[in-house]
Amino acid sequence: MQNEERIRGIIQKAAAKAGLEVGVQAIEVENTRDPKFGDYSTNLAMKNAKKLGKKPIDLANSIIGAIDDPLVEKVECAGPGFINLTLKKESLASVVKKILEQGSAYGKGNDKHFKINVEFVSANPTGDLHLGHTRGAALGDAISNIYEKAGYEVTREYYVNDCGNQVHHLGLSLLARYKELFGEPLELGDDDYHGVDLIEIAKKIKEEKGDSLLHEKTEDVLPYFIRYGIDTELAKIKKDLGDFRVRYDVFSYESDIRKGDAIPKLLEELKPHTYVLDGAVYLKTSDYLDDKDRPIVKSDGNFTYFLPDICYHYDKMARGFDLLVDVLGADHHGYINRMKSALMMRGYKPESLEVELVQIVKTFQNGVEVKMSKRTGKAITHRELVAEVGVDAVRYFFVERAASSHLDFDYDLAKSQSKDNPVYYAQYAYARTCSLLGLGRDIAIDPEGKGLGSEDEKAILKHLADYPSMIEGAAKGRAPHRVAAYIQKLAALVHAYYGLTRIIDRENPNLTGSRLALMKACGLVLKDALGLLGVEAPEKM
RNA sequence: ACGCCCGUAGCUCAGCCGGAUAGAGCAACAGCCUUCUAAGCUGUGGGUCAGGCGUUCGAAUCGCCUCGGGCGUGCCA
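Residues numbered from 1 in each chain as written. Chains lettered and ligands numbered in written order. Predicted model: local features only at pLDDT ≥ 70, side-chain atom pairs only at ≥ 80, totals over all residues. Heavy atoms only, no water.

Colleague: So what exactly am I meant to see when it comes to the nonpolar core here?
Modeller: The nonpolar side chains of a soluble globular protein tend to be buried, and buried together. Membership of the largest hydrophobic core comes to 116 residues, with the highest contact counts inside it found for Y147 and L464. With eleven residues, the single largest contributor to this core is helix 19 (residues 509–532). Setting aside chain neighbours within four positions, we find Y147 in contact with I116, V118, Y152, V154, L323, V325, A475 and R478. With 27 residues, the next largest nonpolar core counts Y159, Y335, A342 and M345 among its residues. (Core = buried A, V, L, I, M, F, W, Y, C linked by side-chain atoms within 4.5 Å. Buried < 20%, exposed > 50% of the residue type's maximum accessible area, 1.4 Å probe, protein only. Helix = DSSP H or I, 4+ residues; strand = E, 2+ residues; numbered from the N terminus. Contact = heavy atoms within 4.5 Å.)

Quick look at the structure:
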């Protein structure tokens, strides 16, 4: 059991003796930030004094008087009524043995028997991924990893919009590029894709088909160009994501959703919630959470994107997930209540869908903002960034900050500072632990950590003991940046310890064995935490 | 106009289910390589937590208002 949990139990027992009955989870135990306040502290007395008509300090003292536990070294009342506990050295050191025994299973949460579908990126296959997608990919994958670590069952999914208006324009743009190769003037509209990557695809078509498609009617060859464009773009996206160490369990295709009679059946099902206005069919989402109704069938008879999207989300729910998580760009926030409303129409709870909004990445180059647009093709692409800066640094960078924070990303700075990226600091800490273990491989490791007990060793032990609850919190908050913050702190503790302590001391093999065990534990946790963020942990740097 | 996100050190950001002197990295400054990797360590400086009012024993954190920035409010996706 981790320290905070144990302390909650101790406090609860003592509080009961002092006349205060509280649930274990209602007891807030926090790591102190200053050793003079002991190892852990709780504000329980301050929170509950009024209820009992006592002064916080008096209540604290009567709780303290009732504490009797072999793990506890010292208890004190401080400030306005904090109860500060100091644990015995041995109880802090016990985490080392646990980590060494459990290895990468350390920090793994209990099986929650809770199935979560995480959908992320889901970029339209109409061009290269841009930096917004990079952030979505890094976050979606890390969130999935953290969920799994915390004991949830996760399916990672990508929804491919291979129908509708956008891919129609992809086909038209590709056709225009194809014709351009034969000397015809390039005609691209505002809604078409101007990205130069289409030229390469057009060249391939030219190689395969020559000029055979040149003089056909547009409507006859357009489906071919659409299909070819989608297949090629999607293959590129899959490769880019794979190179970024992002793996998916399921790719779902809008074209599959539209097959058969699923959509007409859905329309029939939703009929009580619809009305016709100006020839278009509207869904009464405003009866639920939305502030206005949304069209699902256009007056020309085509579906809006929303209808197959509803069908898709119903499909996901029908597959038995307890929770759907959509990682979306912040410009989709209007979509949340729309889709929740649709889910409610079938009787699902609105909480069965959680949307993780990823704020816009503003990109700067030479101090000037680079507007991202797949259509103009001017944006810095995901591929360029990763090639320039490297997977580890990019993944870490995009996950280091909360998804909700607006991110100013300076491309030139990222390139020039890639050596200063905090990820190297963490990787270096790991490499150092490996190096020490290599140098001291002839010394017997002491998993009990008997010699440990200095202030910096205690700080490390406490931080290691925090790992499981950090995982739990990061999962609940879908907050990979907390893992990054944890890693930074652990790396800093290791570096500082290394800098101030001669770890391998051949005059003192017992103490060295304890220290090496501590370093091994740190290495295991660092590697595991970095892995959650999709970052590698090299043994040498 | 309305809705959502954001405003914390020179810069990029943590902290936000209220708690003890507000943190980290980068940048700046001063030190540390004959001993375990200097991609490192030690130390210093740097803040009206956008502003105001309120709730509270206690507010960066909760509520209301104002200001500033971003996004959204398509028969686009």
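Colleague: For this particular structure, what's the right way to read the sheet that holds strand 8 (residues 274–277)?
Modeller: Adjacent strands of a sheet form backbone hydrogen bonds with each other and so pair up, either parallel or antiparallel. The strand order across the open sheet built from three strands is 8-9-10, with neighbouring strands paired in antiparallel fashion. This sheet does not close on itself; its edge strands, each paired only once, are strand 8 and strand 10 (294–297). Shown here is a sheet whose adjacent strand axes are inclined to one another by a mean of 45°, direction ignored. Across four bridges, strand 8 lies against strand 9 (residues 280–283) in antiparallel orientation. From the neighbouring strand, Y275 faces strand 9, where its bridge partner is Y282. Contacts from helix 11 (residues 306–318) reach strand 9 and strand 10 within the one sheet, and its direction differs from that of strand 10 by about 85°. (Pairing = 2+ DSSP bridges. Axes fitted to C-alpha atoms, helices over the stretch in contact; angles between N-to-C directions.)

Colleague: Is there a simple way to explain unusual backbone geometry in this structure?
Modeller: Within the chain, V121 stands out as a residue other than glycine whose phi angle is a positive 65°. For V121, the position within the fold is in the loop between strand 5 (115–119) and helix 5 (131–149). Exposure remark for V121: the relative accessible area of 13% places this residue in the buried category. At D278, a residue that is not glycine, the phi angle is positive and equals roughly 50°. Taking the relative accessible area as the measure of exposure, D278 reaches 71% and is therefore exposed.

Colleague: How should the protein's contact with RNA strand B be read in this particular structure?
Modeller: Close to RNA strand B lie 59 residues; F82, K292, Y428, L439 and T501 are nearest. Taking the atoms of RNA strand B that fall within 4 Å of the protein, sugar and phosphate contribute 60% of them. In this structure, a base nitrogen belonging to RNA strand B sits 2.6 Å away from a main-chain N or O atom of Y498. Going through the elements one at a time, helix 2 (44–52), strand 4 (82–87), helix 6 (165–180), strand 9, strand 15 (407–410), helix 16 (422–439) and helix 18 (480–500) are the ones with two or more residues in the surface near RNA strand B. Tallying contributions element by element places helix 16 first for the surface near RNA strand B, with eight residues. Taken together, the residues that form the surface near RNA strand B break down as 24 nonpolar, 20 polar and 15 charged. (Near = heavy atom within 4 Å. Polar contact = N/O pair within 3.5 Å; in protein donor to acceptor, adjacent residues only side chain to side chain. Nonpolar A, V, L, I, M, F, W, Y, C, P; charged D, E, K, R; others polar.)

Colleague: What exactly am I supposed to notice about the domain arrangement of chain A here?
Modeller: Many structure descriptions define interface size as the accessible area lost when the parts assemble. Assigned domains of chain A: these are domain 1 (3–87), domain 2 (93–109 + 418–532) and domain 3 (165–243). Here the C-alpha centre of domain 2 lies 28 Å away from the C-alpha centre of domain 1. Counting residues at the interface gives ten residues for domain 1 and seven residues for domain 2. Between domain 1 and domain 2, the buried area comes to about 570 Å², and carbon and sulfur atoms account for 32% of it. Counting the contacts that link domain 1 with domain 2 gives two salt bridges. (Domains from an automatic or database assignment. Buried area = accessible area lost by both parts, 1.4 Å probe. Salt bridge = Lys/Arg side-chain N within 4 Å of Asp/Glu carboxyl O.)

Colleague: How should I be thinking about helix 14 (residues 391–399) in this particular structure?
Modeller: Each α-helix winds once per 3.6 residues, and so residues spaced three or four apart point in a common direction. Counting buried residues in helix 14 gives eight out of nine residues, a clear majority hidden from the surface. When we look at burial in helix 14, the residues that qualify are V391, D392, A393, V394, R395, Y396, F398 and V399.

Colleague: Just checking my understanding: could you explain the pairing of strand 9 for this structure?
Modeller: Along any regular strand, the residues point their side chains to alternate faces of the sheet. In sequence, strand 8 turns back onto strand 9 through a hairpin of two residues, with D278 there showing a positive phi of about 50°. Relative to strand 10, strand 9 runs antiparallel, the two sharing three bridges. Residue L283 lies in a different strand from strand 10, and its bridge partner there is R294.

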